[in-house]
Amino acid sequence: MKVHATVLRRTAVALAVGLLVSSVAYAQSSEGSIFGKAQPGAKVTITSAETGFERTVTVDASGAFTAAKLQPGNYKVVSNGVTREITVAIGSGTNVNFTAGEPNMAGRVVISRARSAIDVSSVETNTVFTAEQLQALPVMRDVNAVATLAPGVLKGDPDLGAGNLPAFAGASVAENGYYINGFDVTNIRNFLSYSQLPFDAIGAQQVKSGGYGAEYGRSLGGVVSLVTKRGTNDWKVGGAIYTEPNSLRAKSADVLDKNYAAAIAAGEETSDSKYAVFQHANKASDTEFDVYAGGPLIKDKLFMFAILEGKHNTRDIFQQNKSYSSTNNQPNGMIKLDFTPNDSHRIEFTGLTHKRKISYTDYPVNDESRQYLTTHTGTPEDSTLKGGGYTMIGKYTGYLTDNFTLSALVGKVHEKADKTTGARTANEACPTVYDPAVNLLGCWKEPFATPVRDPSAPDDKDERKAFRIDAEYTLGDHTLRGGIDNQKFSSTAAGSSSYSGGVYWRYLISSTGTINGVKNAVAPGSTYVRKRTSLSTSGTFDAENEAYYIEDSWKVNKNWLLYGGLRWESFDNKNSDDKSFVKADNQLAPRLGFSWDVNGNSTMKVYGNAGRYFIPVAVNTNIRATRGEESTQSFYTFTGRDPVTFAPLGLSAPIGVSTVNGSLTPPNPATVSSTSLKPMNQDEFILGAQWQIVKGWDFGARGIYRKVNDGMDDYCSHLGFERWAADNGYNNFDSSTMAQCLMVNPGKDVSLQMDVNNDGNLKQVTVPNSYIGLAKYTRTYKALEFTLDHPFNGTWGANFSYVLSKSKGTAEGYVSSIINQEDAGVSQDFDFPSLTKGADGYLPGDRRHVLKAYGLYQLNENFRIGFNAQLASGRPISCIGFVPSTADDYSDAVNYTTASSYYCVNDQGKSELHQRGSFGRTPWTTTLDMNLAYITKFGQNKLTFQVDVFNILNRHTVGEVQERRDYSRSTTSATEGKANLNWLSPTSFQEPRSVRLTARYEY
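Since we're looking at a predicted model, the values are computed, not measured.

### Description of the sheet that holds strand β12 (residues 177–180)
The strand order across the open sheet formed by 5 strands is β9-β16-β17-β12-β13, and the pairing between neighbours is mixed. Each edge of the open sheet carries a strand with a single partner, namely β9 (127–130) and β13 (183–184). Relative to strand β16 (residues 202–208), β9 is paired through 4 bridges, and the arrangement is antiparallel. Considered in β16, the bridge of F129 is made with Q205.

### Focus on the environment of T925
Positionally, T925 belongs in strand β57 (residues 925–938). T925 sits in the buried class, given a relative accessible area of 15%. Along the sequence, T925 and G517 sit 408 residues apart, while their C-alpha atoms lie 50 Å from each other. In this view, T925 contacts R847, Q870, L871, A872, T957 and Q990; residues no more than four positions away in its chain are not counted.

### What about the environment of R723?
Here R723 shows up in helix α6 (residues 719–727). Judged by its relative accessible area of 43%, R723 falls in the partly exposed class. Separated by 49 residues in the primary sequence, R723 and I772 have C-alpha atoms spaced 9.3 Å apart.

### Concerning α6
Residues of α6 that are buried include every one of L719, G720, F721, W724 and A725, and no others. As for α6, its buried residues are in contact with β46 (713–715), β47 (742–744), β48 (750–754), β49 (763–767), α7 (769–772) and α8 (890–893).

### Here we look at the packing of aromatic side chains
Applying the stated criterion across every chain, the model contains 34 aromatic pairs. A centroid spacing of 5.2 Å and a plane angle of 90° characterise the contact between Y179 and Y216, whose relative ring orientation is edge-to-face. Residue Y179 is located in strand β12, and its partner Y216 is located in the loop between β16 and β17 (223–228); the two are separated by 37 residues in the primary sequence. Seen from their ring centres, Y715 and F721 are 6.1 Å apart, and the 55° between their planes marks the pair as tilted. The residues Y715 and F721 share a single accessibility class, namely buried. The ring of Y360 has R424 sitting right over it, with the charged end atom 4.0 Å from the ring centre. The ring of Y842 has K808 lying over it, and the distance from NZ or CZ to the ring centre is 5.4 Å.

### What to know about the state of the cysteines
All told, the structure shown has 3 disulfides when counted by the stated rule. Residue C430 pairs covalently with C443 via a disulfide, S to S 2.0 Å. An S-S torsion of about -115° defines the bridge between C430 and C443 as left-handed. In this pair, C430 sits in the loop between β27 (404–422) and β28 (432–435) while C443 sits in the loop between β29 (439–440) and β30 (452–453), placing the two residues 13 residues apart along the sequence. With relative accessibility at 5%, the residue C430 sits in the buried group. Assessed through its relative accessible area of 24%, C443 is described here as partly exposed. Disulfide pairing places C879 opposite C904 at an S-S distance of 2.0 Å. Since a negative S-S torsion denotes a left-handed disulfide, the C879-C904 link at about 115° is right-handed. Of this pair, C879 sits in the loop between β54 (863–872) and α8 while C904 sits in strand β55 (residues 903–905); the two residues are 25 residues apart in sequence, bridging distant segments of the chain. With respect to burial, C879 and C904 carry one shared label: buried. In the chain, numbering the disulfide-bonded cysteines from first to last in sequence yields the connectivity 1-2, 3-4, 5-6.

Cut-offs and rules
- Residues numbered from 1 in each chain as written.
- Predicted model: local features only at pLDDT ≥ 70, side-chain atom pairs only at ≥ 80, totals over all residues.
- Heavy atoms only, no water.
- Pairing = 2+ DSSP bridges.
- Helix = DSSP H or I, 4+ residues; strand = E, 2+ residues; numbered from the N terminus.
- Buried < 20%, exposed > 50% of the residue type's maximum accessible area, 1.4 Å probe, protein only.
- Contact = heavy atoms within 4.5 Å.
- Phe/Tyr/Trp six-rings, centres within 6.5 Å; stacked < 30°, edge-to-face > 60°.
- Lys NZ or Arg CZ within 6 Å of the ring centre and 35° of its normal.
- Disulfide = S-S within 2.5 Å.

Okay, here's the thing in structure tokens:
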């Protein structure tokens, strides 16, 4: 029992150290620092308890010392015979004081394994979660789920990106930055993905919802910064298995389709289906397991940590006339090497694999009498999806003098886009064919058939190559920092047809005999066919983002710290011919801040900061704006149908005027964007305070204000340019010489290269926004945050937060949750003026009240319980539909088949304009997750069994509702439109209750 008790006592100490949350940090660096007071001129020796690394600094004349760029971990700090044992956390400064005035301090060891709860050495705030917390709290094994524990961070729309991406402080889910060991791994094709690593490889996760210094940028939302585990002088091995069986998962809810029910009741034929949401029969089982080892290859010099993560995740999904099963067995891993040839130099390498391989088996059901089956039926058809790649990061840190530290980081991310082979691959011989009476026809497989790729194009991929250099120099009361942060991002995108077989045929019936505006084209009640094509060209598209920064943290006196920084960024986005179409140099981003140590002992801090932040132009914009894209539409009569594909045979000449939008000839890059275009940026102001209200309790409050200055999106109307040209005497102007869409700052005048005389020569002109007609791009976020924290003390710990916020504007940001559009920077929001009418209102991320709480309680030596709770008010609801024919820009709007305006039909079928978010809110959401852990020893080492129950109350609160009021584009007319009866019906719910079982062994 003696050994058993010792093991458990060590476990309790480890938890007490690891479960303390640092609420303040220095930028989002992957390292930490130690600062404090000691006798002027004395030496302070800092030694890593884990690797033996040692560094000595000299106390300056004012009695202050600082040691920067220290790896997170436990350290022994010694000065004049006094020893302090402390912990350094990611991005945090830890205060060590050798001038406490205690008698007979020499030779004493003071153990304080807590990180500084209030970091007066920084003007910023953030939240840090250690590996111990990630294991002990009832939270999903996903960095996005961990991020939502922090105040001001919400779970984003599940239909965007990979789902469950975090939304920070009013920004969209596509405006965040993700870092691993200080290296930016964000995929900036659309900002909706990033390099993954095995969850148990995470040593700590830092979550920053704003206010970071000039060292970093390229984010308007927040930052998720991860540091990996690393080897120490003690060999450690272990493994774990995590399983979430379907048998312990509650069922999801279904929603009936009201349009279908109404049609059936009226005895009408309909293409609607019985269910708008059908998911109760779906099944999901997840099992993950990992093994790891870490230790010294050469004691005190060379260390390694390696982890291999396997998985067996399965899904069974049932739909209207098909079902499928999927299996994900792709293993991934990480290796981390640290080499310290001496105490002045450190070299690191991090290697990650993050591949994806999912096997699918589809079961199409062609018998319409057997829809919505709950077992797999039919002939199985197999497919395989593959994607992902690897990340490599190298870093050097040199402690060149007591006052000067230099670091250099270089890395690469290689990511192949998902590619499907097998039955889900499009068959060029099987065009897309629909018939209103029987839905799909022929041999194509909706919706699994992928577009037809350009056969000569290489695989789609994204690649990031980047480096940064950072220098820090302490000069008296000033800590000066500066550096370079450069990256090149390339995306290869194959051209394609959007439709299986390269064409989309739809059979239609003319009740009047009119086709495409041509009267008496056929006999009334006859069938005709519509043909659509949508083609694009291939290419590789680059973005080069450069940044330089300088900053100074000035310790004015023992209580006051002033911070000033300047970051200047340049963005260069190019087309597939390596020619720039957006180039913005030296965009200045100043940062200012202060920190006031009110009591002089780090027990109360008042702080503030202000700054400007830029986000790069997404490479998705390069692809969409500069490649050739062409869509066509025409109408025909026919004499027969192919017996296999059901495509029409014996086509007539086109009836009426065929429409052609765009061109397969890529536009001149000089004409694609406004020459005065400003990259998207926002200003942010934060004022806050933290103080220790009583021993063991820390309270924080801060106010946040964010405002987008220059939003950016594409504009796809030529009408305003045509009116401007006519008013300015350019009578030969032909708007077809312009790019189909161009990048603008909505609401501002457009400076552009235009062929105003239709003679092949471009002329620089400025078209006032009074002709363009777009509403100004706006987004503001105002919030008050309150936190109350009781760090884990070996028995219990808890954190509480409440955020009152408002998020309002004409645009959500780089993506649109309201229509689930992921085209970062080229959404439909500003394609033409009518789409911006009524757009100013409360945004999808406006959750007015959010309360969060999480914590742990050690019941005894063997048992620990944890909880994670959230109460959030609902999101705003809008009424969206199609721009009516009475609008000035209806000629642009008529081609849009996705409801995306704030015009919508009323109960009488008339289109009305309403403000965004003016139709109430979804219900409040309550979530409670809990766990129970049993900790014992197996042999001489720790064995943990844990049960986590998510949504333990099994709430099924509605998360989103159908906001489309118009039934379809074709049923919205000038006289009377058809309403969508599913308006305000649920489209998603809370995730049902699930259970995770864990077994973990640590040697």
